[in-house]
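Descriptive analysis of the structure
One-letter residues, chain by chain:
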Amino acid sequence: MQNRYAKLAAWVYNLDKPVGRSFGDIEYYRMRLAACPRGPILEPAVGNGRMLVPLLKDGFPVEGFDASRQMLDYCIEECSQRRLATDLKLGTFEGFTTEKRYAAIIIPAGSFQLITDTVAAMAVLRRFHEHLLPNGRLILDIDPINGFLGERVCVRSWTPADAELLTLTDTPVETDHIAQTSLSHLRYDHWRNGELIASELDLFKLRWWGINELTLALQAAGFADMVVSGGYVHGRAPTKHDEAITIEACRSAKP
Ligand SMILES: C[S@@+](CC[C@H](N)C(=O)[O-])C[C@H]1O[C@@H](n2cnc3c(N)ncnc32)[C@H](O)[C@@H]1O
């Protein structure tokens, strides 16, 4: 099992990246969606609703799915607290299918890189293309390759309440330069008054994409009119200093 986002992982994600926490991406996606044809929007791997909730509040008809029950439960709770109605389902990139067609499909936060098998990733791109309305857009983020090549163990912590501590120890395990994947062990520990209450291990695997490689993959999946942007500045070609790269691709107007 990899990329599970189970109980402690989802708790940490929700503390670290709560609803509305932006890296410049929420404003960027809002601006790009305003320029899209009107219609339903899908956010695969919606997580805790970090981006979906602000978009819903702004009136964008966004729905989502996620492979993690625990992440989805945070999202459902955040929506219900704000009386925001939308369709949120348990589901995976790989298994996604519906009769519905979307004006836009958005995949922020590098989640597309969680699909580590190239053949599966190509099938997902083709499926997203099929599920877009004519002129519909796919907008997704990828991380620059240098983000995948760290070799140091990293420890972070959060204090959710008095006497409570959550720690995350990220240990790089393997980088496969042929498969373009990196594997880390993410160990989550929940401590109370210095005693260990619970632990969880996630095998966290990501695939990195070259910009041209992903552009060609999108073309092969049927997309056209790709715009690649760096640092959430639309149309500005990415540079080596950018921490986020966004690709927007269009389904042709012809059926
Ligand atoms: C980095 S979080 C992104 C959450 C949200 N989109 C955001 O922008 O904050 C990645 C999400 O992908 C989900 N995920 C992982 N593998 C998945 C898969 N194969 N299919 C669908 N969702 C998946 C995880 O459960 C997690 O909620």
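Residues numbered from 1 in each chain as written. Predicted model: local features only at pLDDT ≥ 70, side-chain atom pairs only at ≥ 80, totals over all residues. Heavy atoms only, no water.

**What to know about the overall build of the protein**
Rules: Each helix is a run of H or I in the DSSP string that is no shorter than four residues. Each strand is a run of E no shorter than two, and both are numbered from the N terminus. The reference for a compact globule is 2.2 Å times residues^0.38; the radius of gyration itself is calculated from the C-alpha atoms. Relative accessible area decides the class of each residue, using a 1.4 Å probe on protein chains only: under 20% of the type maximum gives buried, over 50% gives exposed, and in between gives partly exposed. Any two residues having at least one pair of non-hydrogen atoms within 4.5 Å are treated as being in contact.
Helices and strands together make up the secondary structure of the protein, namely 6 helices and 11 strands. In terms of C-alpha radius of gyration, the protein reaches 18 Å, essentially the compact-globule figure of 18 Å for 255 residues. The C-alpha extent of the protein, read off along each of the three principal axes, is 60 × 45 × 30 Å. Within the protein, the fraction of its 255 residues that count as buried is 47%. Expressed as a percentage of contacts within the protein between residues at least 6 apart in sequence, the contacts between residues at least 24 apart total 65%.

**Focus: the sheet that holds strand β2 (residues 62-66)**
Which entries qualify depends on this criterion: At least two bridges found by DSSP between two strands is the condition for calling them paired. Interaxial angle, 0 to 180 degrees, is taken between N-to-C directions of lines fitted to C-alpha atoms, where a helix line uses only the stretch in contact.
A sheet is described by the order of its strands in space; here 7 strands give the open sequence β3-β2-β1-β4-β5-β11-β10, paired in mixed fashion. Of all the strands in the sheet, just β3 (88-90) and β10 (224-230) have a single pairing partner and so form its edges. Between one strand and the next, the sheet's axes are offset by a mean angle of 15°, whatever the strand orientation. Two elements, strand β4 (residues 102-107) and strand β5 (residues 132-142), share 5 bridges in a ladder whose sense is parallel.

**Digging into the packing of helix α1 (residues 7-16) against helix α4 (residues 69-81)**
Note the following rule: In what follows, roughly perpendicular refers to angles from 65 to 115 degrees, roughly parallel to angles under 35, roughly antiparallel to angles over 145, and oblique to any angle outside these ranges.
It is at 8 Å that the axes of α1 and α4 come closest, and there the two elements cross at 40°. Looking at the two axes, α1 sits oblique to α4. From α1, Lys7, Ala10, Trp11, Tyr13 and Asn14 reach across to α4, where they touch Gln70, Met71, Tyr74 and Glu78.

**Here we look at the pattern of salt bridges**
In plain terms, the rule: Any carboxyl oxygen of Asp or Glu within 4 Å of a side-chain nitrogen of Lys or Arg constitutes a salt bridge here.
This structure, assessed with the given rule, holds 15 salt bridges. Ionic pairing is found between Asp16 and Lys17, a salt bridge with its closest N-O pair at 3.0 Å. Salt-bridge contacts for Arg82 lead to Glu78; the nearest nitrogen and oxygen are separated by 2.7 Å. For Arg82, a relative accessible area of 33% gives the class partly exposed. Here the residues in one salt-bridge network are Asp16, Lys17 and Arg156, joined through shared partners.

**Here's the deal with the UniProt feature "domain: Methyltransferase" (unreviewed entry) in the protein**
To keep things clear, this is the line we draw: UniProt positions are given in the numbering used here, feature names are shortened, and annotations may be inferred rather than shown by experiment.
Those residues carrying the UniProt feature "domain: Methyltransferase" (unreviewed entry) are residues 41-136 in this numbering. Here residues 41-136 is 33% helix and 24% strand, with 10 Å between the C-alpha atoms at its ends.

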